[in-house]
Structures are given as structure tokens and as C-alpha cells.
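Remarks on the overall topology
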Amino acid sequence: MVWHPTVTKGLQNTKQFILIACLTITMLTVKGQDIHFSQFYFSPLTLNPALTGLSEGDYRIAGIYRNQWASVTTPYVTYSVSYDMRLLKEKLGNDLFGVGGMMFNDKSGDGHLTNLTLMASAAYHKLLGEKHYLALGVQGG
């Protein structure tokens, strides 16, 4: 079989068509919604997963609620609850390791777009100075 440049171009066009078709189908079914709170510091695991386990106590429970645009027929309602705690205190010395979980729910008024999300997070905090930490956190859900 002799490989001809037109065969290569035909394969490239087919690959481009398949890619564009897949992206178009995906975009038709994608729904997006981002939660936001005015007092975001009351929802630390929403703010940054590296904050997991970084609190004054051994554990932390946080909750926040937002009711936005109450004057419309169906207002936006968002709430979040999270729990995180420190682990391995005896083994890590001054460093910290934390794990936690978070749940948030967001309802967007008449748009009928609801987002219920459960997430787990973990973080490691390396002590660099007296009260300075370098933190790495991961979160998935």
C-alpha cells in the first residue's frame, strides 16, 4: 500500500470533525453554577482546601447561608456546612495534617438549576517559622 498525502489529510479532517462534534455535544449538555458568599471567610473549605485542619482547635464545624435577591419570585438560596479536623498531632510535631468534608447546596431561583455537592479535602501544613506555614491541600467531590 502506498501512503498518499491526501489520505493523511483525510484522516486529519476526520479527527477534527470528531473533535468538534464531541465538543459541540458536550457544550449542549453542560450546566454551570458557581457558589459565592459575601462573608466567604465563614466557609473556609469553600475558600481554599489548604485551610483544612488549620484552626485554633482540634476540629472545626462551619456553616453559612445566603438568600440572594429576595425581591424576585424565587430567590437564590445557597448554604454550606463543613467539618474538618487535625490528625497525627503526636507524629508530626509542629506540622499539621488535616482532613475534612463539605456539603453545599445552591438553588438558582426560577432557572431550576440546583447544585448539591459533597466534597472531601486533605491538607498538610509545614511549619516554617513561629506561626508561618506552607500548606498544600487537595479537594475532590
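1. Observations regarding the pairing of strand β3 (residues 96-108)
Bridge count between strand β2 (residues 76-87) and β3: 12 bridges; the pairing is antiparallel. Paired with valine 77 across the bridge in β3 is lysine 107. In terms of strand pairing, β3 meets strand β4 (residues 114-127) through 12 bridges, oriented antiparallel. Each residue of the ladder has a partner; that of methionine 102, found in β4, is methionine 119.

2. Notes on the sheet that holds strand β5 (residues 133-140)
The strand order across the open sheet formed by 5 strands is β1-β2-β3-β4-β5, and the pairing between neighbours is antiparallel. Edge positions in the sheet fall to β1 (59-68) and β5, since each has one partner strand and no second. Shown here is a sheet whose adjacent strand axes are inclined to one another by a mean of 15 degrees, direction ignored.

3. Let's talk about the layout of surface pockets
There is about 170 Å³ of room inside the largest pocket. The wall of the largest pocket is formed by Leu54, Ser55, Glu56, Arg86, Leu96, Lys131 and Tyr133. Residues belonging to the lining of the largest pocket are distributed by class as follows: 3 nonpolar, 1 polar and 3 charged.

4. Considerations on the environment of glycine 98
Mapped onto the elements, glycine 98 comes out in strand β3. As a C-alpha pair, glycine 98 and glycine 53 span 45 residues in sequence and 4.0 Å in three-dimensional space. Filtering out sequence-adjacent residues up to four positions away, glycine 98 remains in contact with Thr52, Gly53, Met85, Arg86, Ser121, Ala122 and Ala123.

Calculation criteria
- Residues numbered from 1 in each chain as written.
- Predicted model: local features only at pLDDT ≥ 70, side-chain atom pairs only at ≥ 80, totals over all residues.
- Heavy atoms only, no water.
- Pairing = 2+ DSSP bridges.
- Helix = DSSP H or I, 4+ residues; strand = E, 2+ residues; numbered from the N terminus.
- Axes fitted to C-alpha atoms, helices over the stretch in contact; angles between N-to-C directions.
- 1 Å grid on protein atoms, 1.4 Å probe; cavity = no way out; pocket = protein on both sides within 12 Å on 5 of 7 lines; lining within 4 Å.
- Points joined across faces, edges and corners; volume = space filled by probe spheres on them.
- Nonpolar A, V, L, I, M, F, W, Y, C, P; charged D, E, K, R; others polar.
- Contact = heavy atoms within 4.5 Å.

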